[in-house]
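Each chain is listed here by its residues.
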Amino acid sequence: MRRISPVLQQDGVEPELIALLKTILAACREISFRVSQGELAGVLGSTLGENIQGETQKKLDVIANELLKEVILETGVVKAISSEEEDHIVAGNPQGKYLVTFDPLDGSSNTDINSLIGTIFSILPADPAKAPDDASLFLQPGTAQVAAGYVLYGPSTMLALTTGHGTRLYTLDNTYGGFLLTGDQAAIPKYTTEFALNMSNQRFWQEPMQRYVADLLLGKTGPRGKNFNMRWIAAMVGDVHRVLCRGGIFAYPRDTKDSTKPDKLRLMYEANPMSFLVEQAGGISSTGYERIMEIIPTDIHQRVAVILGSKHEVETCIGYHKA
Ligand code: AHG
Ligand code: MN
Ligand code: MN
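Since the model is a prediction, treat every value here as computed from it, not as a measurement.

Structural notes on helix H3 (residues 59-74)
- Here H3 contains 16 residues, and its C-alpha end-to-end distance of 23 Å stays within 8% of the 22 Å for a straight helix at 1.5 Å per residue.
- The set of residues buried in H3 consists of Leu60, Asp61, Ala64, Asn65, Leu67, Leu68, Lys69 and Ile72.
- Elements that come into contact with the buried residues of H3 comprise helix H2 (15-37), strand S2 (56-58), strand S3 (78-83), strand S4 (90-91), strand S5 (98-106) and strand S6 (117-125).
- Looking one or two residues past H3, Gly76 carries a phi angle of roughly 80 degrees, positive in sign.

As structure tokens, this is what we get:
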């Protein structure tokens, strides 16, 4: 089985970017080990703090954030980082070519139940003319990403990675200590009968999503003419991994449950990297009204509605938004 470096070299990825990716993955390997130790390492449960978004921080959110932040800034090729768990961007080397954004631990509510969690990351080019503490460095659309990926801490630790040459899946081999290529060129099936949505929010969704899901639920006797099945892991990283492996539609639509937070998922730390991975695997990713990767951000922590996965199904859902 192939290691990551030769695969990326073959794709013509710059040596500095390969080194940065390997550093991020070394931190993820460390997070994977700590996660696997669970209660034995005292990493479960919450801290007393909250992040800037008013969410209680789990101990693992903080541990993963610190590990990633430290090793990424030490590489010297990164101008600044932006994390879901940091109030502000953190400046790095003024000469650094790259910016890294990350969700250090996605699916925090799964930590204490020994269920799926992961790390999501995205790499953007850094504007040489801007200072490393200038947050506007990060206000680039998802189409500018040079790499994106996630590491899923599941029964096996897996990596999904894209540098714009398709999406590949790797598995952490603890005997060797690195990730090995176990799934070349992920291809999301165009059609699906599987959806992933937090159905408890149904009554708070906007009208097009209500209609779309109502028709899904009517199954074979409804306008869709086929029965659908539902899956919900409550960690985007787990739900998107299933979509990459066997197709499906994953959505976290806009809702009116909390007027201060109409959208749940974060553009920079979750939606953009996942959209890049999904598009590179032949799927699509949209808000229902526009392609997620074309959104020009106005704030590093901004949130967005997400509908992604199998091409035909996401297009069908987008169709309801046009009606
Ligand atoms: P995070 O743990 O980084 O805050 O993200 C959790 C997100 C996402 O991973 C998942 O799809 C969603 O929240 C789960 O939402 P529900 O609580 O509605 O299930
Ligand atoms: Mn998350
Ligand atoms: Mn998180």
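Here we look at the coordination of the manganese ion (ligand 2)
- Protein ligation of the manganese ion (ligand 2) involves Asp103 (OD), Asp106 (OD) and Glu270 (OE), the donor distances falling in the range 1.8 to 2.1 Å.
- Coordination of the manganese ion (ligand 2) draws on donor residues from a single chain, spaced D-x2-D-x163-E in sequence.
- The manganese ion (ligand 3) is placed at 3.7 Å from the manganese ion (ligand 2), the two being bridged by Asp103.
- For Asp103, a relative accessible area of 0% translates into the label buried.

Observations regarding the packing of H2 against H3
- Two elements in contact, H2 and H3, have axes separated by 9 Å at closest approach and are oriented at 155 degrees. Judged by the inter-axis angle, H2 sits roughly antiparallel to H3. Seen along the crossing, H2 lies across H3 with a hand that is right-handed. From H2, Leu20, Thr23, Ile24, Ala27, Cys28, Glu30, Ile31, Arg34 and Val35 reach across to H3, where they touch Leu60, Ile63, Ala64, Leu67, Leu68, Val71 and Ile72.
- Looking at the contact of H2 with H3 residue by residue, the classes come out as 13 nonpolar, one polar and two charged.

Structural notes on the site of ligand 1
- The immediate surroundings of ligand 1 are formed by 17 residues, with Asp106, Ser108, Asn198, Met236 and Tyr252 found nearest.
- Contact distances for ligand 1 include 2.8 Å between an oxygen atom and a backbone N or O atom of Ser108.
- Between ligand 1 and Met236 there is a distance of 2.8 Å, counted from an oxygen atom to a backbone nitrogen or oxygen.
- Coverage of ligand 1 by the protein amounts to 85% of the 480 Å² it exposes when considered alone.
- The greatest single-element share of the shell around ligand 1, amounting to three residues, is contributed by S5.
- Residues of the shell around ligand 1, tallied by class, amount to eight nonpolar, three polar and six charged.
- Two domains each provide a minimum of three residues to the shell around ligand 1, namely domain 1 (4-183) and domain 2 (194-322).

Rules and cut-offs
Residues numbered from 1 in each chain as written. Chains lettered and ligands numbered in written order. Predicted model: local features only at pLDDT ≥ 70, side-chain atom pairs only at ≥ 80, totals over all residues. Heavy atoms only, no water. Helix = DSSP H or I, 4+ residues; strand = E, 2+ residues; numbered from the N terminus. Expected span 1.5 Å × (residues − 1). Buried < 20%, exposed > 50% of the residue type's maximum accessible area, 1.4 Å probe, protein only. Contact = heavy atoms within 4.5 Å. Donors = N, O, S within 2.8 Å, 3.2 Å for Na, K, Ca; no water. Axes fitted to C-alpha atoms, helices over the stretch in contact; angles between N-to-C directions. Parallel < 35°, antiparallel > 145°, perpendicular 65-115°, else oblique. Left-handed = near helix turned anticlockwise from the far one by under 90°. Nonpolar A, V, L, I, M, F, W, Y, C, P; charged D, E, K, R; others polar. Near = heavy atom within 4 Å. Polar contact = N/O pair within 3.5 Å; in protein donor to acceptor, adjacent residues only side chain to side chain. Areas by Shrake-Rupley, 256 points an atom, 1.4 Å probe, with all protein chains shown as cover. Domains from an automatic or database assignment.

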